[in-house]
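Chain by chain, the residues run as shown.
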There are 2 protein chains.
Amino acid sequence: MCTFSELLMKRRSVREFEKREVPLSITEEIIKESCCAPSARNEQPWHFIIINNETMIKRLSDESKGVILEEIKKSPGSPLKKYEEMLRIEGFNVFWGAPTVVYIVGPESKGSLQVDCALAASYFMLSAASRGLGTCWVALGSCIEDPEIRKEIGLPDDYKIVAPIILGYPRVIPEPPPRENPKILKVVS
Amino acid sequence: MCTFSELLMKRRSVREFEKREVPLSITEEIIKESCCAPSARNEQPWHFIIINNETMIKRLSDESKGVILEEIKKSPGSPLKKYEEMLRIEGFNVFWGAPTVVYIVGPESKGSLQVDCALAASYFMLSAASRGLGTCWVALGSCIEDPEIRKEIGLPDDYKIVAPIILGYPRVIPEPPPRENPKILKVVS
């Protein structure tokens, strides 16, 4: 038990995990808490896919890397360019060896999807931290286009992956990266 | 002090406030905690504008209502259409009489702006709840186009308002609206 201020400091982006599975029931509890997030017009457009399978996690990593490398080839001015070298490393897994990946997804047509799923993702990461688990939002793992893989993970054609989150027991909890002072543009009083 | 699970239940969308100002120092503390949210590449693109002035809050409400009503006129098929009747009520203030409005904003050019600011907004709402304060993300208050008003509140031309959040001491804490069971599309194990 800790205050919210303490929990904020406990939630770090974790990229090194113990070789230890996360029980499905715990992932489900965290997802249940994520669904307490607010959403536009209480529409709760979020859906979840849980991947606990090492082989599938590797396939998803390879697929996402491939799609991103194609994009960089097409638009060399892309901000993704800076990841090219890392993505070209054969053994580099964008999911950092986490035992579980959770995709927060939803219908692309929903205007508020990005924001609603980000709110649920934030609850997810804090809920995990409150249970001693580590997470990281891994944007590099979101580019899944192959229809076969999409089908295997149950991702409908018209759904978009908003938040790919890795989940596991932290081996190393990193120090918080430096934060700028809050940028308050104006106080109108 | 409460667990995160308890805090989740305490954070409700509040739309009825006591006639009591929120001390600036408390709003600043909440903003400081909001800045502990993760962001893409740790870029922290969020900026904040604090409005404690009743007259300005009314002007912002009127401006946003006007812009939205114009949009509805131009595209009658817009999902905003269902708010038309409410927005036409002269005395309806989109900020529900809250003593404070905080805008979370940032440079429109930043691809991850929506998601990063939503993460900060989520921290904001939880941090406020942990202090007994009520909040609500009021999307209807985000349409501020008038250059004069934008200048008065210190909002740069190329910045976008992502999250308009009202803040105050709750007069009524509503029951949580019904939540659907978590929609888990698939577990791949």
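Residues numbered from 1 in each chain as written. Chains lettered and ligands numbered in written order. Predicted model: local features only at pLDDT ≥ 70, side-chain atom pairs only at ≥ 80, totals over all residues.

(A) Up close: the overall build of chain A. When its secondary structure is counted, chain A shows 6 helices and 5 strands. What you see for chain A is a C-alpha radius of gyration of 17 Å, in line with the 16 Å of a compact globule of 189 residues. Across the 189 residues that make up chain A, the buried fraction comes to 41%. In chain A, once contacts between residues fewer than 6 apart in sequence are set aside, the share between residues at least 24 apart is 83%. (Helix = DSSP H or I, 4+ residues; strand = E, 2+ residues; numbered from the N terminus. Rg over C-alpha atoms; globule rule 2.2 N^0.38 Å. Buried ≥ 20, exposed ≤ 12 C-beta atoms within 10 Å, placed from the backbone. Contact = placed C-beta atoms within 7 Å.)

(B) How the structure looks around the interface of chain B and chain A. Contacts between the two partners involve 53 residues from chain B, matched on the other side by 53 residues from chain A. Elements supplying a minimum of two residues to the side of chain B that touches chain A: helix H1 (4-10), helix H2 (24-34), strand E1 (47-51), helix H5 (113-130) and strand E5 (184-188) of chain B. Among the elements that line the side of chain B that touches chain A, the one with the most residues is H5 of chain B, at 9 residues. Residue composition of the side of chain B that touches chain A, by class: 32 nonpolar, 15 polar and 6 charged. Bridge count for strand E1 (residues 47-51) of chain A against E5 of chain B is 4 bridges, and the pairing is parallel. Counterpart to Ile50 of chain A in the pairing with E5 of chain B is Val187 of chain B. (Nonpolar A, V, L, I, M, F, W, Y, C, P; charged D, E, K, R; others polar. Pairing = 2+ DSSP bridges.)

(C) Representation of the sheet that holds strand E3 (residues 134-137) of chain A. Across the sheet, which stays open at both edges, the 5 strands sit in the order E3(A)-E4(A)-E2(A)-E1(A)-E5(B) with mixed pairing between neighbours. In this open sheet, the two strands that pair with only one neighbour each are E3 of chain A together with E5 of chain B. In this sheet, adjacent strand axes meet at a mean angle of 20° when their direction is disregarded. Of the pairings in the sheet, the one linking strand E2 (residues 100-107) of chain A to strand E4 (residues 159-168) of chain A comprises 8 bridges and is antiparallel in character. Within E4 of chain A, the position partnered with Val102 of chain A by the bridge is Ile165 of chain A. Strand contacts of helix H5 (residues 113-130) of chain A: E2, E3 and E4 of chain A, with the helix running at about 10° to E4 of chain A, the strand carrying the most contacts. (Axes fitted to C-alpha atoms, helices over the stretch in contact; angles between N-to-C directions.)

(D) Main features of the packing of H5 of chain A against H5 of chain B. Two numbers describe how H5 of chain A lies on H5 of chain B: the axes approach to 8 Å, and their chain directions differ by 45°. By the angle between their axes, H5 of chain A is oblique relative to H5 of chain B. Like other packed secondary-structure pairs, H5 of chain A and H5 of chain B cross with a definite hand, here right-handed. Where H5 of chain A approaches H5 of chain B, its residues Gln114, Val115, Ala118, Leu119, Ser122 and Tyr123 of chain A are matched on the opposing element by Gln114, Val115, Ala118, Leu119, Ser122 and Tyr123 of chain B. For the contact of H5 of chain A with H5 of chain B, a count of residues per class yields 8 nonpolar, 4 polar and no charged. (Parallel < 35°, antiparallel > 145°, perpendicular 65-115°, else oblique. Left-handed = near helix turned anticlockwise from the far one by under 90°.)

All quantities given are derived from atomic positions and should not be read as evidence of function.
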